[in-house]
Every structure is written in C-alpha cells, then in structure tokens.
Amino acid sequence: MPKKKPIVVVTRKLPDVVETRMRELFDTRLNENDKPFTQAELVEAVKVADVLVPTVTDRIDSSVLAQSGPNLKMIANFGNGVDNIDVISANNRGIAVTNTAGVMTEDTADMTMALILAVPRRLSEGMRKIQNNEWEGWSPTWMLGHRIWGKRLGIIGMGRIGQAVARRAKAFGMSIHYHNRIREPHALEEQLEATFWESLDQMLARMDVVSIHCPHTPGTYHLLSARRLKLMKPDAYIVNTARGEIVDENALIRQIEAGELAGAALDVFEHGPAINSKLAASDKVVMLPHMGSATIEGRIDMGEKVIINIKAFMDGHRPPDRVLPSML
C-alpha cells in the first residue's frame, strides 16, 4: 500500500512552479487567493496539518501551538528568519522548525546597495520632483547629494548578507567597518578590508552610513535606540533591510526632523505594514515595501528549500535548515 502523503498547509500563495511541485509530493492545501490567514485560520491549520508552511508575517506563537493537532510535526517557514515562530514552544512540543536560510543573500545585498546609493544621492526625492512636474532644468546647485566613494560603511551583523553587502560596498570605494557578536576570522577581514569594532557605540559615532543585517531577537529589539542614534554624526545615514523592530522608529524620525541625522532608507518597519506617517512624509527617507528578497529567482529558491526540508524530515532525516532554540 503506498505511503500516505503528509498534509501540508501553505498560508500564502507561492510561485506556481513551487506550488505544482508541492502538489506532486504532498497532500497540499494552498491559499489560492493569497489573503493572509487570520489567527483563527492559523489555529485551524495547525489542527489538521502534518506540516505547516507559514511566511514571516504569520505569528505562530505559543497560543496557536497550544491548539495544534497531534499530527503537526513540522513548521517549514517560507522565510529567512524565524522570529514569527515561538521556536521554544514548538521544540517542547516535538515540532521541528526550519527556515530558508542562505538563498536570499545576494538579492538582499543588491537591494541594500541600491538603498545605500539612493539616500545620499536623493534618488526618490528627484523622482518625485519629476512626477510633480517641479523640474525646470539642470542647475549647478540643485538637488545636490553626497558621493559614497571614500565614505565609511558600518555593518551591524557580518553574516552572509552583511558580507555580501561589504563586497559590493568595497567595489564602490567605501571603507568597510563592522560590529558583530563574534569577530570574523582574520582571513575574511583581510579579504573584505574590514575593520572590527567591539563597541557598537564607538562604531556608530564614526560611520557615514550604517547598514543593519542582524536578526530580530529579544536582544536586538531597539538595538538602535534613541541613545545610540544620538551617537551618530548629523550627516550620517541608516539603511535597514533586516527587521524593523531593530530601530526605534519614533526616535529615528525625531533625529531626522531635528537635523541630527541626514536620512534613512528602510525596507522594513517597526509596525509594518503600518507606516509611521512622519516617516512617509519625510523627503529624507527612502521607503520600500519589504522588497529586499523579492526576485522571482529568490522566491523559487526559497520554495525549493521548503520542499527539501519537508522531504528530508518525512524521510526520517534531519532537515538541512532546522532551527533549534540554542541557535537563536
């Protein structure tokens, strides 16, 4: 008798090629209209699923997990982070958690570099001038920005994405600096010509651009607090393609409005998708709707990772991207 296919509940629409493959391999329940699951729908999903495939916007907390059915053995997150999942509660219930680490590195680094260029050169502001029919022709002193060649880039979190950003920024002539929980090997520092700062405070005070690439954890919530933002130079910029909660958004806009910070480029927001109205109104802030990893290639790669993790687990093997509480 053929082995029964596991019930896999997918909370959002995925690329067609990924959904087709999932249908072939599993008893897959898809979200055809791509409407985000309510908390009640997430509870229903964990009651019937063998495997849940949520995305980073689905909050799988202890209250949801407490109502999971006996068959739920795996949560295969379609996303790099797992801060949307209570990994400890899942682990205590014998539910494996996986993510899609590594496949969005280059895409996110590309977007970060685009934002590093966009803010000092006032690209979105210039585009608005054209759209509002406010451009009357070239002038030697109009819409002046700042070059990035020769400027100091401070990277917070020198993981895969941080390193990919460093490679790009180095090619643009930026001086690479970084703060990390653990110092990187000397060979990598030499390759990237990167300077390690043990003190985040000291690094922030000396950088022209600060780019955030650390995960959101209880320890990194408001890592860039009002106190730390005040350490930065008034002509410095912040770029965030990691998680919105890492920056105190209210303090950030106060600094920008007061002229104590030159500007910011944000792909993520503290309360996203809700946007701080003062941020949205500022000409000194470039904002994108969480597009850092939004490439067709990247989304397909993520889907393939999810499938590999589910297949490995169902075949009795350790999933290659399993996340344990000790790793957080």
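Residues numbered from 1 in each chain as written. Predicted model: local features only at pLDDT ≥ 70, side-chain atom pairs only at ≥ 80, totals over all residues. Heavy atoms only, no water.

Across its full length, the protein holds 13 helices and twelve strands. By the compact-globule yardstick of 20 Å for 328 residues, the protein fits well, its C-alpha radius of gyration being 22 Å. Along the three orthogonal principal directions, the C-alpha set of the protein runs to about 80 × 50 × 35 Å. Among the 328 residues that make up the protein, the fraction classed as buried is 51%. Long-range contacts, defined as pairs at least 24 residues apart, comprise 59% of the intrachain contacts of the protein with a sequence gap of at least 6. Taken as a whole, the protein presents about 16500 Å² of accessible surface, with 53% of it coming from carbon and sulfur. (Helix = DSSP H or I, 4+ residues; strand = E, 2+ residues; numbered from the N terminus. Rg over C-alpha atoms; globule rule 2.2 N^0.38 Å. Buried < 20%, exposed > 50% of the residue type's maximum accessible area, 1.4 Å probe, protein only. Contact = heavy atoms within 4.5 Å. Areas by Shrake-Rupley, 256 points an atom, 1.4 Å probe, with all protein chains shown as cover.)

How large an interface is tends to be reported as the accessible area lost when its parts come together. As assigned here, the protein comprises domain 1 (7–102 + 295–327) and domain 2 (105–287). For domain 1 versus domain 2, the separation of C-alpha centres amounts to 31 Å. On the domain 2 side, the residues contacting the eight residues of domain 1 number six residues. Both faces combined, the contact of domain 1 with domain 2 buries some 520 Å², and carbon together with sulfur accounts for 34% of it. (Domains from an automatic or database assignment. Buried area = accessible area lost by both parts, 1.4 Å probe.)

What follows is about the nonpolar core. Counting residues in each nonpolar core, the largest one holds 29 residues, and the members touching the most others are Ile116, Leu153, Ile155, Met158, Met174 and Ile176. Looking at this core, the elements with two or more residues in it are helix H5 (105–118), strand S6 (152–156), helix H7 (160–171), strand S7 (175–179), helix H8 (186–192), strand S8 (194–196) and strand S10 (237–240). Apart from the residues within four sequence positions on either side, Met174 is in contact with Met113, Ile116, Ile148, Gly150, Lys151, Arg152, Leu153, Ala169 and Val209. By size, the runner-up hydrophobic cluster in this structure holds 28 residues, among which are Leu204, Ile238, Leu261 and Leu279. (Core = buried A, V, L, I, M, F, W, Y, C linked by side-chain atoms within 4.5 Å.)

With that settled, the discussion passes to the pattern of salt bridges. Summed over the entire model, instances satisfying the criterion amount to 22 salt bridges. Asp27 is paired through a salt bridge with Arg29; the nearest N and O atoms lie 3.2 Å apart. Judged by its relative accessible area of 30%, Asp27 is partly exposed. Classification of Arg29 by relative accessible area gives partly exposed; the value is 37%. (Salt bridge = Lys/Arg side-chain N within 4 Å of Asp/Glu carboxyl O.)

The next thing to look at is the packing of H5 against H7. With their axes 9 Å apart at the nearest point, H5 and H7 run at an angle of 50° to one another. By the angle between their directions, the pair H5 and H7 is classed as oblique. Viewed along their axes, H5 and H7 form a crossing whose handedness is right-handed. Where H5 abuts H7, its residues Thr105, Glu106, Thr108, Ala109, Asp110, Thr112, Met113 and Ile116 lie against Arg160, Ile161, Ala164, Val165, Arg167, Arg168 and Ala169. Grouping the constituent residues of the contact of H5 with H7 by class yields seven nonpolar, three polar and five charged. (Axes fitted to C-alpha atoms, helices over the stretch in contact; angles between N-to-C directions. Parallel < 35°, antiparallel > 145°, perpendicular 65-115°, else oblique. Left-handed = near helix turned anticlockwise from the far one by under 90°. Nonpolar A, V, L, I, M, F, W, Y, C, P; charged D, E, K, R; others polar.)

Looking at the element boundaries, Leu266 is found in strand S11 (residues 263–266). Along the chain, Leu266 and Asp110 lie 156 residues apart, while their C-alpha atoms are 14 Å from each other.

A cluster of nonpolar side chains, namely Ile130, Trp135 and Trp142, defines an oily patch on the protein surface of about 330 Å² accessible area. Inspection of the secondary structure assignment puts Ile130 in helix H6 (residues 123–131). Look at Ile130 and you get exposed, because its relative accessible area is 52%. (Patch = residues over 30% accessible without salt bridge, like charges linked within 9 Å, V, L, I, M, F, W, Y side chains within 5 Å.)

Position of Ser89 relative to the elements: it lies in helix H4 (residues 87–92). Judged by relative accessible area, which is 16%, Ser89 ranks as buried. Apart from the residues lying within four places of it in its own chain, the contact partners of Ser89 are Ser62 and Leu65.

This paragraph deals with the UniProt feature "domain: D-isomer specific 2-hydroxyacid dehydrogenase NAD-binding" (unreviewed entry) in the protein. The residues that UniProt annotates with the feature "domain: D-isomer specific 2-hydroxyacid dehydrogenase NAD-binding" (unreviewed entry) are residues 113–292. Taken as a whole, residues 113–292 contains 32% helix and 16% strand, while its terminal C-alpha atoms sit 10 Å from one another. (UniProt positions renumbered as here; feature names shortened; annotations may be inferred.)

Note on sheets: strands pair through backbone hydrogen bonds, and any given pair is parallel or antiparallel. Strands sit in the order S2-S1-S3-S4-S5 across an open sheet of five strands; the sheet is parallel. Looking at which strands have only one partner, the edges of the open sheet turn out to be strand S2 (27–29) and strand S5 (96–98). Ignoring strand direction, the axes of neighbouring strands in this sheet form an average angle of 15°. The pairing of strand S1 (residues 7–10) with S2 spans three bridges and is classified as parallel. Bridge assignment links Val9 to a residue of S2, and that residue is Arg29. Across the sheet, helix H13 (residues 296–314) lies against S1, strand S3 (51–53), strand S4 (74–76) and S5, angled at about 160° from S4, the strand it touches most. (Pairing = 2+ DSSP bridges.)

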